[in-house]
Amino acid sequence: MKALILNCTLKPSPGTSNTEALADVVIAELKKGGAETELVRLVDLNIKPGVTGDEGEGDDWPSVDEKLKAADIVVLATPTWLGQMSSVCMRALERMDAWFEETDDSGRPVAFGKVAGIVITGNEDGAHHIVATISQGLIDMGFTIPAQSWTYWHLGPGPGPDYTDTDQGHDYSDRVGRNAARNMLALAKVLKPETYPVPESAD
């Protein structure tokens with residue numbers, strides 16, 4: 001079982017990413033459930049604008065696209081800016097638009113059989129709007145979205161401390177994040193039963 005987490009922070013490495021800190025809670029639970037995980041900080045790459053799988057020389061998206069297609073679970077982790085997902089997250093979704101033209105060896109959309117979830121941080125409300133917007137795009141592509149496969153952290157409107165600056169609100173966000181990971185794993189196992197073969201009957 002492979003899980004890919006796309007960190008859509010606007011902060012390049014090695015800057016501290018609050019979004020990654022909350023995503024790490026989900027990652028730890030995915031690992032606990034037996035998943036092989038990988039996190040990619042997209043802002044560190046040259047992800048060109050466009051809606052194809054390869055936008056030419058210097059475009060780093062094809063390597064990300066390959067990882068996405070190999071994953072059973074995909075998590076989009078984004079900060080909140082002006083009540084919206086980050087521009088990096090939006091660009092990732094735009095590049096995944098290319099999947100509408102692709103099928104697997106069985107002729108199904110390439111996203112079929114894949115499970116997705118969402119992680120959101122920020123000091124402004126807007127989390128439910130972002131969950132709805134990202135989920136709609138992923139469902140259109142063919143992803144399966146489990147119940148409560150998201151978590152978010154924010155302290156309401158206006159400026160305030162970051163996720164890594166305070167323990168406030170962590171109990172809820174971390175607990176929901178762990179539950180999200182369990183829900184994603186449970187559904188991914190159903191959609192990919194060949195990974196977990198049913199034992200032969202003792203009869």
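Each remark here, short or long, concerns the structure printed above.
Definitions and cut-offs
- Residues numbered from 1 in each chain as written.
- Predicted model: local features only at pLDDT ≥ 70, side-chain atom pairs only at ≥ 80, totals over all residues.
- Heavy atoms only, no water.
- Helix = DSSP H or I, 4+ residues; strand = E, 2+ residues; numbered from the N terminus.
- Expected span 1.5 Å × (residues − 1).
- Buried < 20%, exposed > 50% of the residue type's maximum accessible area, 1.4 Å probe, protein only.
- Contact = heavy atoms within 4.5 Å.
- Core = buried A, V, L, I, M, F, W, Y, C linked by side-chain atoms within 4.5 Å.
- Salt bridge = Lys/Arg side-chain N within 4 Å of Asp/Glu carboxyl O.
- Axes fitted to C-alpha atoms, helices over the stretch in contact; angles between N-to-C directions.
- Parallel < 35°, antiparallel > 145°, perpendicular 65-115°, else oblique.
- Left-handed = near helix turned anticlockwise from the far one by under 90°.
- Nonpolar A, V, L, I, M, F, W, Y, C, P; charged D, E, K, R; others polar.

Student: Can you help me understand helix H5 (residues 170–191) in this one?
Tutor: Since one α-helical turn is 3.6 residues long, residues separated by three or four positions face the same way. Taking 1.5 Å as the rise per residue, H5 with 22 residues should run 32 Å; its terminal C-alpha atoms sit 31 Å apart, in good agreement. Within the span of H5, buried status applies to His170, Ser173, Asp174, Val176, Gly177, Ala180, Ala181, Met184, Leu185 and Ala188. Contacts made by the buried residues of H5 are with helix H1 (18–32), strand S3 (73–81), strand S5 (115–121) and strand S6 (150–153).

Student: Before we go on, may I ask you to explain the nonpolar core in this structure?
Tutor: The nonpolar side chains of soluble globular proteins are, as a tendency, buried together. In this structure, Leu6, Leu42, Leu68, Met96, Ile134, Leu138 and Phe143 are the most contacted members of the largest nonpolar core, which totals 34 residues. Going through the elements one at a time, strand S1 (2–7), helix H2 (61–70), S3, helix H3 (87–96), S5, helix H4 (127–141) and S6 are the ones with two or more residues in this core. For this core, the element with the highest residue contribution is H4, accounting for six residues. Ignoring sequence-local partners within four residues, the contact set of leucine 42 consists of Leu6, Asn7, Cys8, Ile47, Val64, Val88 and Ala92. Core analysis: the second largest hydrophobic core is formed by 22 residues, Leu22, Val75, Trp153 and Ala181 among them.

Student: Whenever I open this one, the environment of alanine 147 confuses me. Can you help?
Tutor: Structurally, alanine 147 can be placed in the loop between H4 and S6. Separated by 15 residues in the primary sequence, alanine 147 and alanine 132 have C-alpha atoms spaced 13 Å apart.

Student: Just checking my understanding: could you explain the pattern of salt bridges for this structure?
Tutor: Pairing is possible between side chains that carry opposite charge, provided their charged atoms lie close to one another. Per the counting criterion, the structure on display carries eight salt bridges. Between arginine 182 and glutamate 29 there is a salt bridge, with the nearest N and O atoms lying 3.0 Å from each other. In this pair, arginine 182 is assigned in helix H5 and glutamate 29 in helix H1, connecting sequence segments 153 residues apart. Overall, arginine 182 belongs to the partly exposed group, its relative accessible area being 39%. We note a salt bridge from lysine 69 to glutamate 102, for which the minimum N-O separation is 2.5 Å. Here lysine 69 is found in helix H2, whereas its partner glutamate 102 is found in the loop between H3 and S5, with 33 residues between them in sequence. Residue classification places lysine 69 among the partly exposed positions, given a relative accessible area of 31%. In the salt-bridge network here, residues are joined through shared partners; they are Asp65, Lys69 and Glu102.

Student: What am I meant to see in the packing of H3 against H4 here?
Tutor: Two measures define how a pair of helices packs: the angle their axes make with one another and the distance between the axes. Look at H3 against H4: their axes get within 11 Å of each other, and the N-to-C directions meet at 15°. Regarding the angle of H3 to H4, the classification is roughly parallel. Note that H3 runs across H4; the crossing there is left-handed. Of the residues in H4, those touching H3 at Cys89, Leu93 and Met96 are Ile134, Leu138 and Met141. Taken together, the residues of the contact of H3 with H4 break down into six nonpolar, no polar and no charged.

Student: Where do I start with the packing of H1 against H5 in this structure?
Tutor: Two elements in contact, H1 and H5, have axes whose closest approach is 8 Å; the angle formed by their N-to-C orientations is 40°. When the axes of H1 and H5 are compared, the pair comes out oblique. The hand of the H1/H5 crossing is right-handed. Of H5, the residues touching H1 (which contributes Leu22, Val25, Val26, Glu29 and Leu30) are Ser173, Asp174, Gly177, Arg178, Ala181, Arg182, Met184 and Leu185. Of the residues assigned to the contact of H1 with H5, the class counts are seven nonpolar, two polar and four charged.

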